[in-house]
Amino acid sequence: MNAYQLVKPLLFSLPAETAHDAVHAGMRTAQGTPIADALRERYLVDDDRLRVEAFGQQLPNPVGVAAGFDKNAQVPSLLASLGFGHVEVGGVTADQQSGNARPRMFRLREDEGIVNRMGLNNHGADVVGERLAAASVNVPVGVNLAKTEHVAIDDAPEDYRYTYERVAEGGDFFVVNVSCPNSEGFRDLQNRDSMEAILTTLQDAGASPLLVKLSPDLPDPAVEDALDLVNELGLDGVIATNTTTDRPATLRSHNRAEEGGLSGKPIEPRATKMVRFVAERVDVPVVGVGGVFTAEDAYRKLRAGAHVIQLYTGLVYRGPAIARDINEGLLDLLERDGFDSVEDAIGADLD
Ligand SMILES: Cc1cc2nc3c(=O)[nH]c(=O)nc-3n(C[C@H](O)[C@H](O)[C@H](O)COP(=O)(O)O)c2cc1C
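Residues numbered from 1 in each chain as written. Predicted model: local features only at pLDDT ≥ 70, side-chain atom pairs only at ≥ 80, totals over all residues. Heavy atoms only, no water.

Looking at the overall build of the chain
Then step 1. When you go through the chain residue by residue, the secondary structure sums to 13 helices and 13 strands.
Then step 2. In terms of overall size, the chain behaves like a compact globule, its C-alpha atoms giving a radius of gyration of 19 Å where 351 residues would be expected to give roughly 20 Å.
Then step 3. Expressed as lengths along the three principal axes of its C-alpha atoms, the size of the chain is roughly 55 × 45 × 45 Å.
Then step 4. Looking at the chain residue by residue over its 351 residues, the buried ones come to 58%.
Then step 5. When the accessible surface of the chain is summed, it comes to about 14100 Å², and 46% of that surface belongs to carbon and sulfur atoms.
Then step 6. Side-chain charges of the chain comprise 33 positive and 54 negative groups, with the mean position of each set lying 8 Å from the other. (Helix = DSSP H or I, 4+ residues; strand = E, 2+ residues; numbered from the N terminus. Rg over C-alpha atoms; globule rule 2.2 N^0.38 Å. Buried < 20%, exposed > 50% of the residue type's maximum accessible area, 1.4 Å probe, protein only. Areas by Shrake-Rupley, 256 points an atom, 1.4 Å probe, with all protein chains shown as cover. Lys, Arg positive; Asp, Glu negative; His and termini not counted. Charge placed at Lys NZ, Arg CZ, Asp CG, Glu CD.)

Rendered as structure tokens:
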């Protein structure tokens, strides 16, 4: 039995966000102390076969932390100590926001999923930007940029620009989040004109590398439109996917009725399908996100065309060893199938 199996029942006896806050507080305490060194010793898998280059970043391994876990950039270094190869912090908005009323995060235990309707709660671009600039993290840090709730869609480009300029110094890559399902009208930003205005404004401001994160709920023609834009504007990558408002018929947990975005195991097939759809249509790296819990899950996304993967819900259900377990498992899978490295396996299932 590993340590997380002992702690998990205690954490799971608390409301989901309370447990998250408690874990975060523990991580903040451990960051920068000998505990972090001990964690690194235990969880870092250092192997050349795992290295990946994507959107101008040298990633020590393909397993990253998805946006939303460290919204305020408080523990990126500690997350790197858990063996993750990159960390995406945020979503960050220009103004500080408190988000929706609690409870707003729900475990779907039987399904190994989460439904959340956090509503982009965060400390705001000024605070997060300063924190990031002062942080020392030895893996690339991405910043997830989102629209401030009260800002009208027409004013969104300037709102994103403000946030970008505040976090530019401390971020290694930047992600335009137009796919959060928990803010009114937010996903309308995924229409071609809105996206183009935001992306070109950020490019003018110097945002690079610049990626866009899409919703799994976009119909195929809208995804194709978005990907045309990625190609036309020369963006550096696509993240697929955010959470879904859909509820697969297989869900068993009573919390499936909660409003919000679903993540975790139940969205894995859909997210992987979207990774493949995107990878078939763009030449830039795809970041595969959604329901990655195991090495097999990660491998499936890599073979479907993802250059790297990210996870959030898997960390909640599997605990701090998840990056190590996936990286070690990937090495076994590469060996089994005769690949020399992760980079060799990327897109192996594409025609
Ligand atoms: C509580 C919570 C908060 C999230 N916040 C954000 C966010 O601020 N920005 C974003 O782009 N994605 C956010 N996400 C989505 C994740 O980054 C990821 O795309 C999604 O959860 C699917 O991955 P998973 O199945 O590994 O969790 C959030 C997810 C959860 C569970």
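Okay, back to it.
Considerations on the packing of aromatic side chains
Then step 1. The tally for this structure, following the rule as stated, stands at 5 aromatic pairs.
Then step 2. Here the aromatic rings of F55 and F173 are separated by 4.8 Å at their centres, their planes lie at 50 degrees, and the arrangement is tilted. Here the residue F55 occupies a position in the loop between β1 (52-54) and β2 (57-59), and F173 occupies one in strand β8 (residues 173-177), the gap between them amounting to 118 residues. For the pair F55 and F173, a shared accessibility class is recorded, and that class is buried.
Then step 3. What links up through ring pairs into an aromatic cluster is the set F12, F293 and Y317.
Then step 4. In this structure, R107 is placed above the aromatic ring of F12, and the distance from its NZ or CZ to the ring centre is 4.4 Å. (Phe/Tyr/Trp six-rings, centres within 6.5 Å; stacked < 30°, edge-to-face > 60°. Lys NZ or Arg CZ within 6 Å of the ring centre and 35° of its normal.)

Things to note about the nonpolar core
Then step 1. Formed by 106 residues in total, the largest nonpolar core has its most connected members in L79 and F84.
Then step 2. Those residues in contact with L79 that lie beyond four places of it in its chain are M27, V65, F69, D70, F84, V87 and L315.
Then step 3. By size, the runner-up hydrophobic cluster in this structure holds 5 residues, among which are V115, L251, L262 and I267. (Core = buried A, V, L, I, M, F, W, Y, C linked by side-chain atoms within 4.5 Å. Contact = heavy atoms within 4.5 Å.)

A short note on the site of the ligand
Then step 1. What surrounds the ligand is a group of 24 residues, the closest being A67, K213, G264, G291 and T313.
Then step 2. Contacts to the ligand include G264, whose backbone N or O atom sits 2.8 Å from an oxygen atom.
Then step 3. A distance of 3.0 Å is found between an oxygen atom of the ligand and a backbone nitrogen or oxygen belonging to Y312.
Then step 4. The protein chains hide 98% of the 610 Å² of surface that the ligand would expose on its own.
Then step 5. Broken down by secondary-structure element, the contributors of at least two residues to the shell around the ligand are β4 (86-92) and β11 (261-264). (Near = heavy atom within 4 Å. Polar contact = N/O pair within 3.5 Å; in protein donor to acceptor, adjacent residues only side chain to side chain.)

Quick notes on a negative patch on the surface
Then step 1. On the surface, E53, D340, E343 and D344 cluster together to form a negatively charged patch.
Then step 2. Relative to the helices and strands, D344 is located in helix α13 (residues 342-345).
Then step 3. According to the relative accessible area criterion, D344 is partly exposed, its value standing at 41%. (Patch = residues over 30% accessible without salt bridge, like charges linked within 9 Å, V, L, I, M, F, W, Y side chains within 5 Å. Salt bridge = Lys/Arg side-chain N within 4 Å of Asp/Glu carboxyl O.)

Some remarks on the layout of surface pockets
Then step 1. Of the voids in this model, the largest pocket is the one considered here, and its volume is about 790 Å³.
Then step 2. As for the largest pocket, its lining consists of 50 residues, of which A67, G68, F69, K71 and Y312 are closest to the centre.
Then step 3. Residue assignment for the lining of the largest pocket shows that the elements contributing at least two residues are α2 (16-30), β4, β6 (113-116), β11 and α11 (313-318).
Then step 4. The greatest single-element share of the lining of the largest pocket, amounting to 5 residues, is contributed by α2.
Then step 5. The residue makeup of the lining of the largest pocket, split by class, is 15 nonpolar, 27 polar and 8 charged.
Then step 6. The space that makes up the second largest pocket amounts to roughly 670 Å³.
Then step 7. As for the second largest pocket, its lining consists of 30 residues, and the residues nearest its centre are Y4, L11, V23, M27 and P320.
Then step 8. Counting only elements with at least two residues in the lining of the second largest pocket, the list comes to α1 (3-12), α2, α3 (34-43), β5 (105-108) and α11.
Then step 9. If one sorts the elements of the lining of the second largest pocket by residue count, α2 sits on top with 8 residues.
Then step 10. Broken down by class, the residue content of the lining of the second largest pocket amounts to 23 nonpolar, 4 polar and 3 charged. (1 Å grid on protein atoms, 1.4 Å probe; cavity = no way out; pocket = protein on both sides within 12 Å on 5 of 7 lines; lining within 4 Å. Points joined across faces, edges and corners; volume = space filled by probe spheres on them. Nonpolar A, V, L, I, M, F, W, Y, C, P; charged D, E, K, R; others polar.)

These figures capture arrangement, not role.
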